[in-house]
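Breakdown of the fold
What follows is the residue order along each chain.
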Amino acid sequence: MTTFWITLLTTILFVGVANGQSRKKYPQTEATIIINTTVNTAFNYIVPIDLSHIFKKYKRFPAIIKTDEKELWIKPGLTRTVYFEDGTTAKESLLTVVEGDSFSYQIVGFTSQLRFLAKKVEGSWKFTELENRQTKIEWTYRIIPKNFVARFIIKSFILKDINGLLNNALFIIKKDLENGK
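Structural notes, computed from the coordinates. (Residues numbered from 1 in each chain as written. Predicted model: local features only at pLDDT ≥ 70, side-chain atom pairs only at ≥ 80, totals over all residues. Heavy atoms only, no water.)

Attention now moves to helix α4 (residues 148–178). The first and last C-alpha atoms of α4 sit 42 Å apart over 31 residues, in line with the 45 Å expected at 1.5 Å per residue. At I158, α4 shows its strongest bend, of approximately 55°. For α4, the N-terminal cap is N147; the gap from its side-chain oxygen to the backbone nitrogen of V149 is 3.0 Å. (Helix = DSSP H or I, 4+ residues; strand = E, 2+ residues; numbered from the N terminus. Expected span 1.5 Å × (residues − 1). Bend = angle between axes of the 7 residues up to and from the residue. Polar contact = N/O pair within 3.5 Å; in protein donor to acceptor, adjacent residues only side chain to side chain.)

Another aspect to go through is the sheet that holds strand β4 (residues 89–98). For sheets, the rule is that strands pair by backbone hydrogen bonds, running either parallel or antiparallel. Taken in spatial order, the seven strands make up an open sheet running β1-β7-β6-β5-β4-β3-β2, and their pairing is antiparallel. Unpaired on one side and paired on the other, β1 (28–35) and β2 (64–67) mark the two borders of the sheet. Neighbour-to-neighbour, the strand axes of the sheet open up by a mean angle of 20°, direction not taken into account. Where strand β5 (residues 102–108) and strand β6 (residues 118–130) come together, six bridges link them in antiparallel fashion. Along β6, the bridge assignment pairs Y105 with G123. Strands β4, β5, β6 and β7 (134–145) of the sheet are contacted by helix α2 (residues 39–46), whose axis makes an angle of about 155° with β6. (Pairing = 2+ DSSP bridges. Axes fitted to C-alpha atoms, helices over the stretch in contact; angles between N-to-C directions. Contact = heavy atoms within 4.5 Å.)

Further remarks concern the pairing of β6. The pairing of β6 with β7 spans 12 bridges and is classified as antiparallel. Paired with K120 across the strands is I144, a residue of β7. Where β6 hands over to β7, the hairpin turn is made up of three residues, of which N132 adopts a positive phi near 60°.

Applying the stated criterion across every chain yields a total of nine salt bridges. Close ionic contact of E69 with R80 constitutes a salt bridge, the shortest N to O distance being 3.2 Å. A residue pair is termed long-range when its members are at least 10 positions apart, and E69 in the loop between β2 and β3 (79–84) and R80 in strand β3 qualify at 11 residues. Residue R80 is joined to E92 by a salt bridge in which the shortest nitrogen-to-oxygen separation is 2.8 Å. Here E92 lies in strand β4 and R80 lies in strand β3, a separation of 12 residues in the sequence. With relative accessibility at 5%, the residue E92 sits in the buried group. (Salt bridge = Lys/Arg side-chain N within 4 Å of Asp/Glu carboxyl O. Buried < 20%, exposed > 50% of the residue type's maximum accessible area, 1.4 Å probe, protein only.)

On to the environment of E129, then. Residue placement: E129 occurs in strand β6. Given a relative accessible area of 57%, E129 falls into the exposed group. In this structure the C-alpha to C-alpha distance between E129 and I34, which are 95 residues apart in sequence, comes to 9.6 Å. When residues no more than four places from it in sequence are discounted, the contact partners of E129 are V39 and Q134.

Written out as structure tokens, the structure reads:
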């Protein structure tokens, strides 16, 4: 009976790979908000923002307590360690910065339980100028899973909480920018 299940699983995996199913979109979530400020004001405030100010504890995710960047977080190629309140860390790298338009980053080297599920996280921000000095911000968070089981766990149990975490951060940013901080 064991041989049957091994053969079946191997066949499913082989057929999935052969049909391109292994290249399915990675699990991701997007948070969007409109802020009453200009694109340049929003962009210049958000890119180098203090992560401990916007990432508070949310459900299973601990708050960020500090980072160790040595210079203003605004240039591609910079890296920093992110420290969480539960003692875990992750390494973040700023990949791209297009002034007033977008930026992207990746997070690797998790010491939390996420290390068992994800190879890395890719984040990107897009800023769009709207009428009346408003800015639309779209924040995409993509998790690159280690395998198909991890993909299932991430999609089923983690993405919803990450979306809540991102939305909380955006509400803090909105409040700051609209109150003149």
